[in-house]
Amino acid sequence: MTQPLLERSFPSTLDALVAEFGEKPGSRLEAWVFADVASRRAAEAELKAKGVEARIRSAFKPLVHAILEDIAADGVASLRVAYPQHPGCLPGRFLAEAYPLSALLPGAEVSFSAGTETPFTYELSLTDTHGHTEDLRVFAPNYEHTDAVGEPQVSPTGWLRATMPDGTSRDERLETDVERLFAAAVAAAAEWQPPEGAFNQLRVAATLPWPDQPLGVGDEAIRYAEALHEDLYFSLLEVFQTQSGLSLGDRTLQPGQIAPAVTVAPGPARVRVSVRALSDAEPDGAAENLADPQAPLPPAQIAAELAKVGGAAFSAATVSGRSVLARHVAGSDAAVMISGGQHANEPSGIVGALRAAQALAARPGAHFTVHPLENPDGYALYRELIALSPGQMLHGARYTALGDDLEYRATEPRYESAIRDRARQLCAPNFHINLHGYPAHEWSRPFTGYVPRGFAMWMLPRGLFFILRHHSAWSGAAERLIDKVTRRVGAALPEVLELTQRQRKLSHGHAGEPGTRVVNGFCCQISVDDAMPTPLKLTTEYPDESLRGPAFALACKAQEETTLAAYDAYQKIVG
Ligand SMILES: [Zn+2]
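For the structure given in this document, a descriptive report is provided here. Please read these numbers as outputs of a predicted model, since none were measured by experiment. (Residues numbered from 1 in each chain as written. Predicted model: local features only at pLDDT ≥ 70, side-chain atom pairs only at ≥ 80, totals over all residues. Heavy atoms only, no water.)

**A short note on the sheet that holds strand β24 (residues 522-528)**
- Here nine strands make up an open sheet; going across it, the order is β17-β18-β20-β19-β21-β25-β22-β24-β23 and the pairing mixed. Only two strands of the sheet have a single partner each, and these edge strands are β17 (312-317) and β23 (517-519). Direction aside, neighbouring strands of the sheet carry axes that sit 25° apart on average.
- Of the strand pairs in this sheet, strand β19 (residues 336-340) and strand β20 (residues 368-371) are connected by four bridges, and their pairing is parallel. Residue pairing in the sheet places Met-337 in a bridge with Thr-369 of β20. (Pairing = 2+ DSSP bridges. Helix = DSSP H or I, 4+ residues; strand = E, 2+ residues; numbered from the N terminus. Axes fitted to C-alpha atoms, helices over the stretch in contact; angles between N-to-C directions.)

**Description of the nonpolar core**
- With 102 residues, the main nonpolar core has Phe-21, Leu-29, Leu-79, Tyr-122, Leu-228 and Val-271 as its most contacted residues.
- A total of 10 residues in this core trace back to one element, the largest contributor, which is helix α7 (residues 224-243).
- Residues Leu-354, Tyr-382, Leu-499 and Cys-524 belong to the second largest nonpolar core, which totals 65 residues. (Core = buried A, V, L, I, M, F, W, Y, C linked by side-chain atoms within 4.5 Å. Buried < 20%, exposed > 50% of the residue type's maximum accessible area, 1.4 Å probe, protein only.)

**Some thoughts on the pairing of strand β25 (residues 536-545)**
- In terms of burial, β25 is largely enclosed, as 10 of its 10 residues are buried.
- Here β25 shows two buried faces, one formed by Leu-536, Leu-538, Thr-540, Tyr-542 and Asp-544 and the other by Lys-537, Thr-539, Glu-541, Pro-543 and Glu-545.
- Bridge count between strand β21 (residues 431-439) and β25: nine bridges; the pairing is parallel. For Leu-435, the partnering residue across the bridge sits in β25 and is Thr-540.
- The pairing of strand β22 (residues 465-470) with β25 spans six bridges and is antiparallel.

**Let's talk about the pattern of salt bridges**
- Counted according to the given criterion, the structure contains 42 salt bridges.
- Here Arg-445 ties to Asp-231 by a salt bridge, and the two come within 3.0 Å at their closest N and O atoms. Residue Arg-445 is found in the loop between β21 and β22, and its partner Asp-231 is found in helix α7; the two are separated by 214 residues along the sequence. In this pair, the class of Arg-445 matches that of Asp-231, namely buried.
- Between Arg-398 and Glu-346 there is a salt bridge, with the nearest N and O atoms lying 3.4 Å from each other. You can see Arg-398 sitting in the loop between α10 (376-388) and α11 (418-427) and its partner Glu-346 sitting in the loop between β19 and α9 (348-361), a full 52 residues away along the chain. For the pair Arg-398 and Glu-346, one class covers both residues: buried.
- Residues joined by salt bridges that share partners form a network here, namely Glu-30, Arg-40, Arg-41, Glu-44, Arg-55, Arg-57, Glu-69 and Asp-70. (Salt bridge = Lys/Arg side-chain N within 4 Å of Asp/Glu carboxyl O.)

**A look at the coordination of the zinc ion**
- The zinc ion binds to the protein through His-343 (ND1), Glu-346 (OE), Glu-346 (OE) and His-436 (ND1); the donor distances cover 2.0 to 2.4 Å.
- Coordination at the zinc ion is irregular, judged from the four donor atoms that bind it and the angles of 57 to 147° they form at the metal.
- Positions of the donor residues of the zinc ion, expressed as sequence spacing, correspond to H-x2-E-x89-H. With Glu-346 in the loop between β19 and α9 and His-436 in strand β21, the pair connects residues that are 90 residues apart, well separated along the chain. Just as Glu-346 is buried, His-436 falls in that class too. (Donors = N, O, S within 2.8 Å, 3.2 Å for Na, K, Ca; no water. Tetrahedral: all angles 85-135°; square planar, octahedral: opposite > 155°, others 65-115°.)

**Let's talk about the packing of aromatic side chains**
- As enumerated under the stated definition, the model contains 19 aromatic pairs in all.
- Look at Phe-94 and Tyr-122: their rings are 6.3 Å apart centre to centre, the planes differ by 75°, and that puts the pair in the edge-to-face class. Note that Phe-94 is positioned in helix α4 (residues 93-97) and Tyr-122 in strand β6 (residues 121-128), a separation of 28 residues in sequence. For the residue pair Phe-94 and Tyr-122, the accessibility class agrees, reading buried in each case.
- On the basis of an interplanar angle of 35° and a centroid distance of 5.0 Å, the ring pair of Trp-443 and Phe-455 is categorised as tilted. (Phe/Tyr/Trp six-rings, centres within 6.5 Å; stacked < 30°, edge-to-face > 60°.)

**Topic: the state of the cysteines**
- Under the definition given, this model contains zero disulfides.
- Free cysteine Cys-523: the closest other cysteine sulfur is in Cys-524, separated by 7.4 Å.
- Here Cys-523 falls in the buried class, since its relative accessible area comes to 0%.
- In this structure Cys-524 comes out as buried when scored by relative accessible area, which is 1%. (Disulfide = S-S within 2.5 Å.)

**Details of the environment of Ala-31**
- With respect to the helices and strands, Ala-31 occurs in strand β2 (residues 28-33).
- Residue Ala-31 is classed as buried on the basis of its relative accessible area, which comes to 0%.
- A sequence separation of 288 residues divides Ala-31 from Val-319, and the C-alpha atoms of the two residues are 49 Å apart.

**So, empty space enclosed by the protein**
- Under the criterion given, the structure shown has four cavities of 30 Å³ or more.
- By volume, the largest cavity is sized at about 130 Å³.
- Lining the largest cavity are 16 residues, with Phe-60, Ala-221, Glu-226, Glu-442 and Ser-444 sitting closest to its centre.
- It is α7 that contributes the most residues to the lining of the largest cavity, three residues altogether. (1 Å grid on protein atoms, 1.4 Å probe; cavity = no way out; pocket = protein on both sides within 12 Å on 5 of 7 lines; lining within 4 Å. Points joined across faces, edges and corners; volume = space filled by probe spheres on them.)

**Considerations on α10**
- An ideal rise of 1.5 Å per residue puts 18 Å on 13 residues; α10 measures up with 19 Å between its terminal C-alpha atoms.
- Most of α10 sits inside the fold, with 10 of its 13 residues counted as buried.
- Within α10 the residues assigned to the buried category are Pro-376, Asp-377, Gly-378, Tyr-379, Ala-380, Leu-381, Tyr-382, Arg-383, Leu-385 and Ile-386.
- Contact partners of the buried residues in α10: β12 (200-208), α7, β15 (257-264), α8 (299-307), β18 (323-329) and α9. (Expected span 1.5 Å × (residues − 1). Contact = heavy atoms within 4.5 Å.)

**Here we look at unusual backbone geometry**
- Cis geometry is found at the peptide bond from Tyr-99 to Pro-100, where omega equals 0°.
- With respect to the helices, strands and loops of the structure, Pro-100 is situated in the loop between α4 and α5 (101-104).
- Here the residue pair Glu-412 and Pro-413 is connected by a cis peptide bond, since its omega of -10° sits within 30 degrees of zero.
- Mapping Pro-413 onto the fold places it in the loop between α10 and α11.

**Some details on the packing of helix α12 (residues 475-492) against helix α14 (residues 550-574)**
- Running from N to C, α12 and α14 cross one another at 140°; their axes reach a closest spacing of 9 Å. Judged by the inter-axis angle, α12 sits oblique to α14. Once α12 is placed against α14, the crossing between them reads as right-handed. For the pair α12 and α14, contact is made by Ala-477, Arg-480, Leu-481, Lys-484, Val-485, Arg-488, Val-489 and Ala-492 and by Glu-561, Thr-562, Leu-564, Ala-565, Ala-566, Asp-568, Ala-569, Tyr-570, Lys-572 and Ile-573, respectively.
- When its residues are assigned to classes, the contact of α12 with α14 shows 11 nonpolar, one polar and six charged. (Parallel < 35°, antiparallel > 145°, perpendicular 65-115°, else oblique. Left-handed = near helix turned anticlockwise from the far one by under 90°. Nonpolar A, V, L, I, M, F, W, Y, C, P; charged D, E, K, R; others polar.)

Scope: geometric values only; no functional claims are made or implied.
If you want it as structure tokens, here you go:
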């Protein structure tokens, strides 16, 4: 066992405030920290017992917390919100951070406008049901800094405003426990030098004491542990991309498996950064009902359901020694490639691929390859993390144990990517159905500018979303295909169309439209890509990450229905 790169706990910022101001009775303070409401109220009560008037608010999503904690929402008839802007931020950054405000005030008319007189402050004009109007301000403490890769950022931070009994006062940034943990963990992990030619897991295990707080709107919640996981994972990828001279967001880098594991546990915030050998142990777990799964399937069940498809088995091996399993069913139809689990934290496509493949295999003439779990190393980490950190989107399990995206891999050895190479050798499919997911709730990077760099389009759920790429000669086929698929999925699954409309409406109010086309109610991104090995590729994006229960079962149904609709539409188009 090698020594950890970092093992440290970070004294609670709330405890430090209580200790410092508890000795100054008669002082008054306002503070903004990252902490759940129960911890903040407990610190306020402790200070009050020591003669200190304190109000402690959330530094994260301050406008949402103001509505939850300070404003009586039921009497609001209308709310006009002017949100701050800053030259160092995307124009809609503070509008995005106010999500899902409009859904928290369902009876009120909520409108937004850009620009405020006071920096980093929301200006609210609230009219109650009796017609009385009140103007309010909500401070959103932020600071300008340079991030782990030297880029300028404006990020949420703690803040302190205090007046002492002697009349002196303070109004300053308060670097909080979790901000210090984040900076220390990234700095320690950045020192890691992967041994040449060997791959390991860079483990960043952390605990924070603040439980998730559901918001009562879809899958939305305040999740501090998840936000830390996301910012650690993408910050470290960016650090290694930069060290390798690659551009930010490059998906070919192979640093090894970067694995944040952030859980909720009482006590001070803690972190341990260490390096582990990759393991090929399979995580187990109870099998689900394939027809109505309430949770992602264990790997043994995926293998067993794939075997039921029949046809000829083929496989590829991962760097950890796991197998990517696939089947080829030969027939008189035009061949189609069906894949799932490229990104292992997107679990509904795995079920959709299996169910569609079993249904197709029962038909005469069906002709396809299916590889429902293309990234088993990522999925093993995913299975481990969903047990530790339920409800999180877990992008740390997205890529392979090499740390790259298997679709972008252009080097030898091919590992997981060999499964698609073999599928092309077996039946030369001209159509690829690639089943993916994206976050089912807001995705943020609170310590690095809030908006996930390179993924702004995916930071809020917009329902079932289609990406269609095609060779230029296939543009007519692409148009016919997307029309048929969206029409059939919307008709067969009206609840998916309804979810899509609802999420699109709520997201639109906080992040605009992503600049995509809308076809039969669904966002569709259609583009020419003559470099693709397959001339036509339909990628599904269902907001499935973190879903469980009936919402997960519906996601699986949407993936299955889309696959069958796309298979059938393709046969008609080329037939
Ligand atoms: Zn994906």
